[in-house]
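Survey of secondary and tertiary structure
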Amino acid sequence: GGGRAAYLLSEACYRTKGPLSYCRPIAYIHDEFLVIVPTDIYSECTDELTRVLTKGMSEYHPDVPISVGVGVSSHWYKDAESVKVNGEWTIYAQ
């Protein structure tokens, strides 16, 4: 499932038009994707990112509930977590 999710993410970033076409995946570590996202459209990109990753995993594990954790920050931080407030993702600050 992770490989399919990575493929769909790469396709959305490099081969299609949409919010993820402005993003660049730079690392996949165990079960995490590190993606550079423009600050002015980060919330829209995060919504699409979670949709794409959930779709990729669900194709291989249709009977398992899939959830995607999100951490939006200005730098990588292992424990970064973000939540959606009033339709916008919060930016994690250490």
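Our structure's up above, just so we're on the same page.
Before going further, it helps to spend a moment on the overall build of the protein. Scanning the protein from terminus to terminus reveals two helices and four strands. Counting from the amino terminus, the protein carries its helices and strands in the arrangement α-β-β-α-β-β. For a compact globule of 94 residues, the expected C-alpha radius of gyration is about 12 Å, and the protein comes in at 13 Å, within 12% of that figure. For the protein, the proportion of its 94 residues judged to be buried stands at 27%. Taking the contacts inside the protein whose residues are at least 6 apart along the sequence as the reference set, 42% of them involve residues at least 24 apart. For the protein, the exposed area adds up to about 6400 Å²; of that, 53% sits on carbon and sulfur atoms. If the 8 positive side-chain charges of the protein are averaged to one point and the 12 negative ones to another, these points end up 9 Å apart.

For the rest of this paragraph, the subject is the side chain of Thr 50. Checked against the element boundaries, Thr 50 lands in helix H2 (residues 42–60). With relative accessibility at 16%, the residue Thr 50 sits in the buried group. Setting aside residues up to four positions removed in sequence, Thr 50 forms contacts with Val 68 and Val 70.

Conventions used here
- Numbering of residues begins from 1 in every chain and follows the order in which that chain's sequence is written.
- Selection of residues for local features in this predicted model requires a pLDDT of at least 70, selection of side-chain atom pairs for listing and counting requires 80 or more, and totals for whole chains, interfaces and linings are taken over all residues.
- Side-chain numbers here rest on the full set of heavy atoms in the structure, without hydrogens or water.
- To qualify as a helix, a DSSP run of H or I must reach at least 4 residues; to qualify as a strand, a run of E must reach at least 2; elements of each kind are numbered from the N terminus.
- Only C-alpha atoms enter the radius of gyration; for comparison, a globular chain is expected to reach 2.2 Å times N to the power 0.38, where N is the number of residues.
- Remark: exposure states derive from per-residue accessible area (1.4 Å probe, protein chains only) relative to the maximum for the residue type, with buried under 20%, exposed over 50%, and partly exposed in between.
- Residues are treated as being in contact if the distance between any of their heavy atoms lies within 4.5 Å.
- For the area figures, the Shrake-Rupley method with a 1.4 Å probe applies, and any residue is considered shielded solely by the protein chains shown.
- Just so you know, the count uses Lys and Arg for positive and Asp and Glu for negative, and it drops His and the chain ends.
- Each charge is placed at NZ for Lys, CZ for Arg, CG for Asp and CD for Glu.

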